[in-house]
Amino acid sequence: MGVLSHLEPKEVFHYFEEICQIPHPSYKEEKISDYCMKFAKDHGLTAYQDEQKNVIMIKEATKGYEDKETVVLQGHLDMVCQKTPDYEIDFLNDPLELEIDGDYVQAKGTTLGGDDGIAVAYGLALLASNTIPHPRLEVILTTGEEVGLIGATGIDVSMCKGRRMINLDSEDEGVFLAGCAGGASVAVSLPVQRAEMEGQLCEITVTGLIGGHSGTEINKGRANSNVLLGITLDHLAQQCGISLVSFAGGDKDNAIPRETKAEILIQPDEKQAFYAALEEYNQTIKAAFGQSDPGIKVIVEEKAEGTYKAVTQEGFASILQYFKEMPNGVQAMSKDIEDLVETSLNMGTALLKDEEMCMGYAVRSSVDTEKEKLIAKMREILQKWNGTMKVSGQYPGWQYNPDSKLREDMIEVFERLYGRKPVVEAIHAGVECGLFAEKMEGLDCVSIGPDMDDIHTTEERMSISSVKRVWEFLLEVLKK
Ligand SMILES: [Zn+2]
């Protein structure tokens, strides 16, 4: 008897519990992938497995549904594995310990992997059924979603006929996701030269910021410590003579940096002017970001007087000018969806090396041409100082389709079942649907899922009643 055996819908929770017995962290999906292939064989289904362990399973339409359009169901096989410090588990070999708490399923001491095990469970339950009416079903289960959409990037879907795709990787029942941003990593380099200079070394730190995800939280008005320190140095340089020795902040391009440090040289006779300018600028910063980042502050620590290899005044002037000219943050809002950011960039990392200033950006847009335009603009700005850039990790956006027939059908079913309208949303971050939209021309796609809380954490839990409602909803949509 399993822990979930008594829950409804029985077939969905049966497969969900099976999945939780099979370890399936990102990069280690072969066991669950093989399990799906065996399932397909046992059920006489056509199935494909590629080198990356992505799985595609196909089941023909049931009687009376042969003429209906194929439906693609899509989710990912891998899960984020997190555990509490005192819980013992080997994520490569041990099953999860499932528990029920009221309306929720959770795993003792670990993430549950409802994200996205529930998609696999829904898919298998549908494929196993002899009684559920449906059109031709194509179930696509990818690997490495949580670590950069790896499986979806490499997968060959040429055997799939469907252009109506329901992605099952959302976690808010009643919210239909209908678009996402594409993105790229842009690494920028500004050449600088250094010369020996004398002065009082001071470490200046912008700290106490909240930071956040460079996509979903870019519109919260929060300060970026890299950019803020650059602008602060520019202000100080206008009031007194300073030179730059080091500059470092942030550790990944897709997070808004929370702390940045620079070492500067000031002349002892300019100390007073320096502190006066800093004090004044601190007030300006507090006024600008006191709401979004209440803990924000700039602190200075005096270090030894001496001779240091600092950036030449010409190089320093280029860096300061760069900080003023290069945009950062939200660049455009969506014309179709209220409050959705369309295009943005985030200077996530900044590091002054011996002969170059290096900066890493996450660039995003739900409109691929706007992303290209922004990258071109960055290149143009850089050229002023003979800077260079490298663009990598490009993934396409999934542009909101104002005339989605699938979404219309799903909205109609939702209203009929629940007597209210679903919320239609798009997000300013990457999801797999963007990659499939690029691979499958004319793809009509909506992403849904049952209620889950705190995914990717040990507090992850999934609502039992919501799993049931989403299942019933899905069956109704398949009947259309
Ligand atoms: Zn997911």
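Relevant structure appears above.
Residues numbered from 1 in each chain as written. Predicted model: local features only at pLDDT ≥ 70, side-chain atom pairs only at ≥ 80, totals over all residues. Heavy atoms only, no water.

**Remarks on the pattern of salt bridges**
- The final tally for this structure, using the stated rule, is 24 salt bridges.
- In this structure, the salt-bridge partner of Arg136 is Glu60, at a minimum N-O distance of 2.9 Å. One end of the pair, Arg136, is in the loop between α3 (114-128) and β6 (137-142); the other, Glu60, is in the loop between β2 (55-59) and β3 (71-76), and 76 residues separate them in sequence.
- Within the structure, one salt-bridge network assembled from shared partners comprises Glu203, Lys261, Glu263 and Lys303. (Salt bridge = Lys/Arg side-chain N within 4 Å of Asp/Glu carboxyl O. Helix = DSSP H or I, 4+ residues; strand = E, 2+ residues; numbered from the N terminus.)

**Considering the environment of Gly393**
- You can see Gly393 is positioned in strand β19 (residues 388-395).
- Taking the C-alpha atoms as reference points, Gly393 and Ala362, separated by 31 residues in sequence, lie 9.7 Å from one another.
- Residues contacting Gly393, with those up to four places away along its chain left out, are Gly183, Ala184 and Ser185. (Contact = heavy atoms within 4.5 Å.)

**With respect to the coordination of the zinc ion**
- Looking at the metal site, the zinc ion is ligated by His76 (NE2), Asp115 (OD), Asp169 (OD) and Asp169 (OD), spaced 1.9 to 2.8 Å from it.
- What the four donor atoms of the zinc ion show is an angle range of 50 to 141° at the metal, which sorts the shape as irregular.
- Here the donor residues of the zinc ion are spaced in sequence according to H-x38-D-x53-D. Separated by 93 residues along the polypeptide, His76 in strand β3 and Asp169 in the loop between β7 (164-167) and β8 (175-180) bring together distant segments of the chain. Of the two residues, His76 and Asp169, neither departs from the other in class, the shared state being buried. (Donors = N, O, S within 2.8 Å, 3.2 Å for Na, K, Ca; no water. Tetrahedral: all angles 85-135°; square planar, octahedral: opposite > 155°, others 65-115°. Buried < 20%, exposed > 50% of the residue type's maximum accessible area, 1.4 Å probe, protein only.)

**Description of the nonpolar core**
- Ranked by size, the top nonpolar core spans 62 residues in total, and within it Met57, Ile166 and Ile448 carry the most contacts.
- Among the nonpolar cores identified, the runner-up in size contains 52 residues, and Val188, Tyr322, Met347 and Val363 belong to it. (Core = buried A, V, L, I, M, F, W, Y, C linked by side-chain atoms within 4.5 Å.)

**Structural notes on empty space enclosed by the protein**
- For the coordinates displayed, the defined rule picks out two cavities of 30 Å³ or more.
- Lining of the largest cavity is provided by Glu173, Gly174, Phe176, Phe414, Tyr418, Ile448, Gly449, Arg469, Val470 and Phe473.
- With three residues, the single largest contributor to the lining of the largest cavity is helix α11 (residues 464-479).
- Looking at the lining of the largest cavity residue by residue, the class counts come to six nonpolar, two polar and two charged. (1 Å grid on protein atoms, 1.4 Å probe; cavity = no way out; pocket = protein on both sides within 12 Å on 5 of 7 lines; lining within 4 Å. Points joined across faces, edges and corners; volume = space filled by probe spheres on them. Nonpolar A, V, L, I, M, F, W, Y, C, P; charged D, E, K, R; others polar.)

**Considering the layout of surface pockets**
- There is about 1300 Å³ of room inside the largest pocket.
- Lining the largest pocket we find 42 residues, and of these His213, Ile427, Ala429, Gly430 and Val431 sit closest to its centre.
- Mapped onto the lining of the largest pocket, the elements with two or more residues apiece are β8, β9 (182-191), β18 (356-365), β19, β20 (423-427), α10 (432-439) and β22 (452-453).
- Each residue belonging to the lining of the largest pocket can be placed in one class, and the counts come to 15 nonpolar, 15 polar and twelve charged.

**Let's talk about the sheet that holds strand β5 (residues 104-107)**
- Pairing is antiparallel in the open sheet, where four strands are placed in the order β4-β5-β23-β22. Looking at which strands have only one partner, the edges of the open sheet turn out to be β4 (98-101) and β22.
- By the bridge criterion, three bridges tie β5 to strand β23 (residues 461-463) in an arrangement that is antiparallel. Paired with Gln106 across the two strands is Arg461, which belongs to β23. (Pairing = 2+ DSSP bridges.)

**Examining the packing of aromatic side chains**
- Within the structure shown, the criterion is met by ten aromatic pairs.
- Here Tyr122 and Trp471 contribute two aromatic rings whose centre-to-centre distance is 5.9 Å and whose plane-to-plane angle is 5°, an arrangement assigned as stacked. Here Tyr122 is found in helix α3, whereas its partner Trp471 is found in helix α11, with 349 residues between them in sequence. Considered together, Tyr122 and Trp471 belong to a single accessibility category, that of buried residues.
- The structure contains a cluster of three or more aromatic residues connected by ring pairs, namely Phe176, Phe414, Tyr418 and Phe473. (Phe/Tyr/Trp six-rings, centres within 6.5 Å; stacked < 30°, edge-to-face > 60°.)

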